[in-house]
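Residues per chain, in single letters:
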Amino acid sequence: VIMGRPPHGRDLIADAFMENPLVLIAPPEHELVGQKCIPLQRLARETFVVREPGSGTFIAMERFFKEHGVEFSAGMEMTSNQAIKHAVEAGLGLGIVSIHTLELELEAGRLIIMDVEDFPILRHWYVVHRKGKRLSPVAEAFKEFVLSEAPSLISASGYIQTTQNI
């Protein structure tokens, strides 16, 4: 399985293979667009469109704001990143999603990555399987491919370029 947050307390082998930065997104017309290093405290006045409680993204977001002593207001819960992106585009709130889900929306100018202090929230992608499970030759080849090749498929320069154009 490829996932963003392997469950704890299970008999699993989880190998991190690539960073998965979570970024804060807004529609292009949002009042904070264009501002540099927006203070986290300023986000306490915003409404967020969030993933469902229990999802890896929601847990990371909740932990991040708690660690920084900032309250956030969840206006709507969504069960997919696509739904969050559509809601943010419609002006229903700000969102936090993986940078890897945004290529088309950023190119089309439908969403903007906000320049907020202490962002992005850094997570990782993992390839996961049960400990003691003998992988088939195809599964083993896939795992080796992911671990060796995936980091080169999405370059950090694309992420840096995107966030510098905020």
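In this text, all values refer to a predicted model and were calculated from it rather than measured experimentally.

Scoring rules and cut-offs
Residues numbered from 1 in each chain as written. Predicted model: local features only at pLDDT ≥ 70, side-chain atom pairs only at ≥ 80, totals over all residues. Heavy atoms only, no water. Helix = DSSP H or I, 4+ residues; strand = E, 2+ residues; numbered from the N terminus. Expected span 1.5 Å × (residues − 1). Bend = angle between axes of the 7 residues up to and from the residue. Buried < 20%, exposed > 50% of the residue type's maximum accessible area, 1.4 Å probe, protein only. Phe/Tyr/Trp six-rings, centres within 6.5 Å; stacked < 30°, edge-to-face > 60°. Pairing = 2+ DSSP bridges. Contact = heavy atoms within 4.5 Å. Axes fitted to C-alpha atoms, helices over the stretch in contact; angles between N-to-C directions. pLDDT = per-residue confidence, 0-100.

S.K.: Residue-level account of helix α4 (residues 137-153), with values.
M.R.: Each α-helix winds once per 3.6 residues, and so residues spaced three or four apart point in a common direction. Taking 1.5 Å per residue, 17 residues should reach 24 Å; α4 reaches 23 Å between its end C-alpha atoms and fits that length. Helix geometry: α4 is bent most strongly at Leu-147, by close to 40°, with proline Pro-151 lying one to four residues after it. Taken as a whole, α4 has its buried residues at Lys-143, Val-146 and Ala-150.

S.K.: Which residues make up the packing of aromatic side chains, and what values go with them?
M.R.: Scanning all chains against the criterion turns up six aromatic pairs. Ring centres 6.1 Å apart and planes at 85° place the aromatic pair Phe-48 and Phe-72 in the edge-to-face group. With Phe-48 in strand β4 (residues 47-51) and Phe-72 in the loop between α1 (56-67) and β5 (73-78), this pair connects stretches of sequence that are 24 residues apart. Phe-48 sits in the buried class, given a relative accessible area of 0%. Ring geometry for Phe-64 versus Phe-65: centroids 5.5 Å apart, planes at 80°, classification edge-to-face. An aromatic cluster is present here, built from Phe-48, Phe-58, Phe-64, Phe-65, Phe-72 and Phe-119 joined pairwise through their rings.

S.K.: Residue-level account of unusual backbone geometry, with values.
M.R.: With omega at 5°, the peptide bond leading from Phe-119 into Pro-120 counts as cis. Examined against the element boundaries, Pro-120 turns out to sit in the loop between β7 (112-113) and β8 (124-130).

S.K.: Mind laying out the sheet that holds β7, listing which residues take part and the relevant values?
M.R.: In spatial order, the strands read β5-β4-β6-β3-β7; together these five strands make up an open sheet with mixed pairing. Pairing within the sheet leaves two strands with one partner each, and these edge strands are β5 and β7. In terms of strand pairing, β4 meets strand β6 (residues 94-98) through two bridges, oriented parallel. Opposite Val-49, over in β6, you have Gly-95 as the bridge partner. In this fold α1 packs onto β3 (22-26), β4 and β6, with an angle of close to 140° to the strand it touches most, β4.

S.K.: Pulling in residues and values, what's your account of the confidence of the model for the chain?
M.R.: Chain-level pLDDT for the chain is 89 on average; 92% of the residues reach the 70-or-more range. Ignoring residues within four places in sequence, the model shows residues 156-166, a span with pLDDT below 50, making 12 contacts including any to other chains.

S.K.: Describe the pairing of β8, and please don't skip the residues or the numbers.
M.R.: Where a strand is regular, its side chains alternate between the two sheet faces. Pairing of strand β1 (residues 2-3) with β8 involves two bridges; the strand directions are antiparallel. If you follow Ile-2 over to β8, its bridge partner there is Val-127. Bridge analysis of strand β2 (residues 12-19) against β8 gives seven bridges, and the strand direction is antiparallel. Each bridged residue has a counterpart across the sheet, and for Ala-14 the counterpart in β8 is Val-128.

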